[in-house]
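These are the residues of each chain, in order.
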Amino acid sequence: MTHMFDQELREQLAQARQALAEARKAGDEDGAQAYAGRVAGLLHLAAHHGIQLPHLAEEELGES
């Protein structure tokens, strides 16, 4: 079960990062802010469950 949870978090994080990059590229500030928050939330969830995921410090804060 833990492996599946870890894998799902990693997949969702990759999708959120991709969407964040696309929103930034499109100049969609609201979308970028929302996806930055999604990335930060997923990182927080992972940390809460003891899952270490590579990330940048600004991703923890949900900065866009």
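Details of the structure are given in the entry above.
In this text, all values refer to a predicted model and were calculated from it rather than measured experimentally.

About the thresholds
- Residues numbered from 1 in each chain as written.
- Predicted model: local features only at pLDDT ≥ 70, side-chain atom pairs only at ≥ 80, totals over all residues.
- Heavy atoms only, no water.
- Salt bridge = Lys/Arg side-chain N within 4 Å of Asp/Glu carboxyl O.
- Helix = DSSP H or I, 4+ residues; strand = E, 2+ residues; numbered from the N terminus.
- Buried < 20%, exposed > 50% of the residue type's maximum accessible area, 1.4 Å probe, protein only.
- Expected span 1.5 Å × (residues − 1).
- Polar contact = N/O pair within 3.5 Å; in protein donor to acceptor, adjacent residues only side chain to side chain.
- Axes fitted to C-alpha atoms, helices over the stretch in contact; angles between N-to-C directions.
- Parallel < 35°, antiparallel > 145°, perpendicular 65-115°, else oblique.
- Left-handed = near helix turned anticlockwise from the far one by under 90°.
- Contact = heavy atoms within 4.5 Å.

J.: Lay out the pattern of salt bridges in plain terms, naming residues and giving numbers.
T.: Across all of its chains, the model carries two salt bridges by this definition. Ionic pairing is found between arginine 10 and aspartate 6, a salt bridge with its closest N-O pair at 2.5 Å. Remark: aspartate 6 and arginine 10 occur in helix 1 (residues 2–26); sequence separation between them is four residues, near one turn of the helix. Given the relative accessible area of 38%, arginine 10 is considered partly exposed. With a closest N to O distance of 2.9 Å, arginine 17 and glutamate 59 form a salt bridge. Here arginine 17 is found in helix 1, whereas its partner glutamate 59 is found in helix 3 (residues 57–61), with 42 residues between them in sequence. We classify arginine 17 as partly exposed; its relative accessible area is 28%.

J.: Describe helix 2 (residues 29–48), listing the residues and the values that go with them.
T.: If you check helix 2, its first and last C-alpha atoms are 28 Å apart, about what 20 residues at 1.5 Å a residue would give, namely 28 Å. Along helix 2, the residues classified as buried are Gly31, Ala32, Ala36, Val39, Ala40, Leu42, Leu43 and Ala46. Measuring from the side-chain oxygen of the N-cap residue of helix 2 to the backbone nitrogen of aspartate 30 gives 3.4 Å; that N-cap residue is aspartate 28. Downstream of helix 2 by one or two residues, glycine 50 has phi in the positive range, about 75°.

J.: Summarise the packing of helix 1 against helix 2; cite the residues concerned and give the values.
T.: Here helix 1 crosses helix 2 at 160°, and the two axes come no closer than 8 Å. Between helix 1 and helix 2, the angle falls in the class roughly antiparallel. Of the two elements, helix 1 crosses helix 2, and the hand of that crossing is left-handed. The segment helix 1 lies against helix 2, with Phe5, Leu9, Gln12, Leu13, Ala16, Arg17, Ala19, Leu20, Ala23 and Arg24 engaging Gly31, Ala32, Tyr35, Ala36, Arg38, Val39, Leu42, Leu43, Leu45 and Ala46.

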